[in-house]
Amino acid sequence: MSRKYLTACKVVSLFTISLLVADSILLSASQVHYHFNKTSSYVYAAASSGEGLAAYQLYQTKQNIYWLEEAAMAGHIDAIWELHVKKAQQDVEYNNIWLEVALKSGHPIATLNRIEQLVTLKEWQSASLLFAELEKERLAEQDFSAVALFEHLKDAVLLLKSNSPDSKTKRQTKRNVANLNQSINYSTYDRAWREFDVASSCELKVLVYSSSLRLAKHSGQLIEQFFSLLPNSQQAICFSPITVDYRLNRICDENNHGLLTCDKKSLGNILQEALPISIEDKKLRLLVVGETGRANSVGPLIYLDYRDTAQVLLHEVGHWLNLYDEYKIARSHQQIFCNESSPTELGFNLVIAPRSYAKSTLEQQFSHPLWPVDTCEGTNNNAFKKQPSLSPMEYFDVALPREYLPYFETPVLNPNHTSLDIFFR
């Protein structure tokens, strides 16, 4: 490239820069700010001299992160919050410093975010105190979902603090649960529920409940990843729109064994009062995604937490589809499933038999080759699986063998599990 051409480029660049800063050279900073606030003029000069609103307007126009950072540094409250959101999405090591700044600046969505954290931590008193710092009018300037979340969290905290909420509070909470979930799913919410309710191709219909917006997002990702593992099962296995209900944070927790569990009666009441469809459909099952506690299943109900993967969901759904654990199960479960006096098929994948039966005899009786597994280890029964491959019914981190695909693509519900309407009676 010639020196002449380089010089021309420098002249053009200097000319462009001079246009941007000329106003700030001709006028003092106070004059620039005066004219910007009066007539919205001298935007670049105002932004360059620390006017937060001007920098934020430039960011909205140019989508240049530099101006968002300048606006945040100048104290523009919406820029502070937006910068926090971007940092949180892009940087796994981000330390939430801009969230703390947003909280101190009084940004209402940041405050809602903190209240949500307090609710999931069961710190009801701290959550209720923060509501006094929120201005509902300020929230109304945001989107509808923020208003719905505000109302739902407020009622949830009032309800959770009270051991005997009145019927008016219960009715209001029911309405706000619906409003929040409609705001999440927007115009598709009602249509999605109608389609889910009448879907004739669904052999398994899963109601999905989560205890926070964060966990609702996690639930959606789990379902998406679940179908990436089983793409041909989408017509037969159906998941409902995800319902967010913060009351789950009061009734659900880890038990003495570290498993996530919910108070059955309270969960049944929440399910039946807010659900837009009847639970009498025999194909319905329930997935609850809570804050903490190891995954487990109890008949028609699966519990997961924020750490669980799609492989764990697949394993637990397998129990609904008449598949049983291929690893050593708990003593209490062994007393139920490993106490056979004669050879017995346990679901689709296992054979249980007293130790006196040779494997060859069992293979002849069931007309199928068998492979030993540890399900009944330590009891008077042996367990054998019908397929040689490792499967997610034994190890969560292995791929689903092709032999197991038919169980998910043409699902048959476990006959030993009750339906939801009977389970919650």
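As shown above, the structure is provided for reference.
In this text, all values refer to a predicted model and were calculated from it rather than measured experimentally. (Residues numbered from 1 in each chain as written. Predicted model: local features only at pLDDT ≥ 70, side-chain atom pairs only at ≥ 80, totals over all residues. Heavy atoms only, no water.)

Considerations on the overall build of the protein chain
Okay, step 1: Of regular secondary structure, the protein chain possesses 21 helices and eleven strands.
Okay, step 2: Counting over 425 residues, the protein chain shows a buried share of 45%.
Okay, step 3: Summed over its atoms, the accessible surface of the protein chain is roughly 22200 Å², and 52% of this surface lies on carbon and sulfur atoms. (Helix = DSSP H or I, 4+ residues; strand = E, 2+ residues; numbered from the N terminus. Buried < 20%, exposed > 50% of the residue type's maximum accessible area, 1.4 Å probe, protein only. Areas by Shrake-Rupley, 256 points an atom, 1.4 Å probe, with all protein chains shown as cover.)

Observations regarding the packing of helix H8 (residues 108-120) against helix H9 (residues 124-131)
Okay, step 1: For the pair H8 and H9, the least separation of the axes is 8 Å and the interaxial angle reads 160°. With respect to their mutual orientation, H8 and H9 come out roughly antiparallel. For the element pair H8 and H9, the recorded crossing hand is left-handed. For the pair H8 and H9, the contacting residues are Thr-111, Arg-114, Ile-115, Leu-118 and Val-119 in the first and Trp-124, Ser-126, Ala-127, Leu-130 and Phe-131 in the second.
Okay, step 2: Of the residues in the contact of H8 with H9, the class split is seven nonpolar, two polar and one charged. (Axes fitted to C-alpha atoms, helices over the stretch in contact; angles between N-to-C directions. Parallel < 35°, antiparallel > 145°, perpendicular 65-115°, else oblique. Left-handed = near helix turned anticlockwise from the far one by under 90°. Contact = heavy atoms within 4.5 Å. Nonpolar A, V, L, I, M, F, W, Y, C, P; charged D, E, K, R; others polar.)

Describing the state of the cysteines
One way to say it: the disulfide is the covalent bond shared by the sulfur atoms of two cysteines.
Okay, step 1: In the structure shown here, the tally under the stated rule is three disulfides.
Okay, step 2: There is a disulfide in this structure between Cys-252 and Cys-262, and the S-S distance comes to 1.9 Å. One quick way to see it: the torsion about the S-S bond of Cys-252 and Cys-262 is about 100°, and its sign makes the bridge right-handed. With Cys-252 in strand E3 (residues 252-254) and Cys-262 in strand E4 (residues 260-262), this pair connects stretches of sequence that are ten residues apart. Taken as a pair, Cys-252 and Cys-262 share a single burial class, namely buried.
Okay, step 3: Taking only the cysteines that form disulfides and numbering them from first to last, the protein chain has the pattern 1-2, 3-4, 5-6. (Disulfide = S-S within 2.5 Å.)

Observations concerning the side chain of Thr-379
Okay, step 1: Its place among the elements puts Thr-379 in the loop between strand E10 (371-373) and strand E11 (381-385).
Okay, step 2: Assessed through its relative accessible area of 9%, Thr-379 is described here as buried.
Okay, step 3: A polar atom in the side chain of Thr-379 sits 2.7 Å from the backbone oxygen of Cys-376.
Okay, step 4: In this view, Thr-379 contacts Arg-331, Gln-334, Cys-338 and Arg-355; residues no more than four positions away in its chain are not counted. (Polar contact = N/O pair within 3.5 Å; in protein donor to acceptor, adjacent residues only side chain to side chain.)

Overview of helix H13 (residues 188-198)
For an α-helix the count is 3.6 residues per turn, leaving residues at separations of three or four pointing the same way.
Okay, step 1: Looking at H13, one finds that the buried residues are Tyr-189, Trp-193 and Phe-196. For H13, the angular spread of the buried residues around the axis is 65°, confining them to a single face. Projecting away from the buried face of H13 at angles above 90 degrees are the exposed residues Arg-194 and Val-198. (Arc of directions from axis to C-beta.)

Details of the packing of helix H7 (residues 97-105) against H8
Okay, step 1: At a closest axis distance of 8 Å, the pairing of H7 and H8 adopts a crossing angle of 110°. Taken as axis vectors, H7 and H8 run roughly perpendicular relative to one another. On H8, the residues touching Leu-99, Glu-100, Ala-102 and Leu-103 of H7 are Ala-110, Thr-111, Asn-113, Arg-114 and Gln-117.
Okay, step 2: Considered class by class, the residues forming the contact of H7 with H8 number four nonpolar, three polar and two charged.

A closer look at the nonpolar core
Okay, step 1: Counting residues in hydrophobic clusters, the biggest one holds 66 residues, and the most contacted among them are Phe-226, Phe-239, Val-317 and Phe-408.
Okay, step 2: Those residues in contact with Phe-408, other than ones at most four positions away along the chain, are Leu-230, Ser-233, Ile-237, Leu-314, Val-317, Gly-318, Leu-321, Leu-323 and Leu-400.
Okay, step 3: Leu-207, Cys-238, Ile-270 and Ala-274 belong to the second-largest nonpolar core, a separate cluster that totals 28 residues. (Core = buried A, V, L, I, M, F, W, Y, C linked by side-chain atoms within 4.5 Å.)

A few points about the packing of aromatic side chains
Okay, step 1: For the structure shown, the criterion picks out nine aromatic pairs.
Okay, step 2: Judged by centre distance (5.3 Å) and plane angle (65°), the rings of Tyr-324 and Phe-337 are edge-to-face. Here Tyr-324, found in the loop between helix H17 (310-320) and helix H18 (331-337), pairs with Phe-337, found in helix H18; they are 13 residues apart in sequence, far enough to count as distant.
Okay, step 3: The class of Tyr-324 is buried, set by a relative accessible area of 9%.
Okay, step 4: Judged by its relative accessible area of 25%, Phe-337 falls in the partly exposed class.
Okay, step 5: Through successive ring pairs, a cluster of aromatic residues spans Phe-226, Phe-227 and Phe-239.
Okay, step 6: We note Arg-214 situated over the ring of Tyr-306; from NZ or CZ to the ring centre the distance is 5.3 Å.
Okay, step 7: Lying across the ring of Phe-423, Lys-264 places its NZ or CZ 4.2 Å from the centre. (Phe/Tyr/Trp six-rings, centres within 6.5 Å; stacked < 30°, edge-to-face > 60°. Lys NZ or Arg CZ within 6 Å of the ring centre and 35° of its normal.)

Notes on the sheet that holds E10
Okay, step 1: The strand order across the open sheet built from four strands is E8-E9-E11-E10, with neighbouring strands paired in antiparallel fashion. Here the strands that pair on one side only, and so sit at the sheet edges, are strand E8 (344-346) and E10. Sheet twist, expressed as the average angle between the axes of neighbouring strands with direction ignored, equals 40°. (Pairing = 2+ DSSP bridges.)

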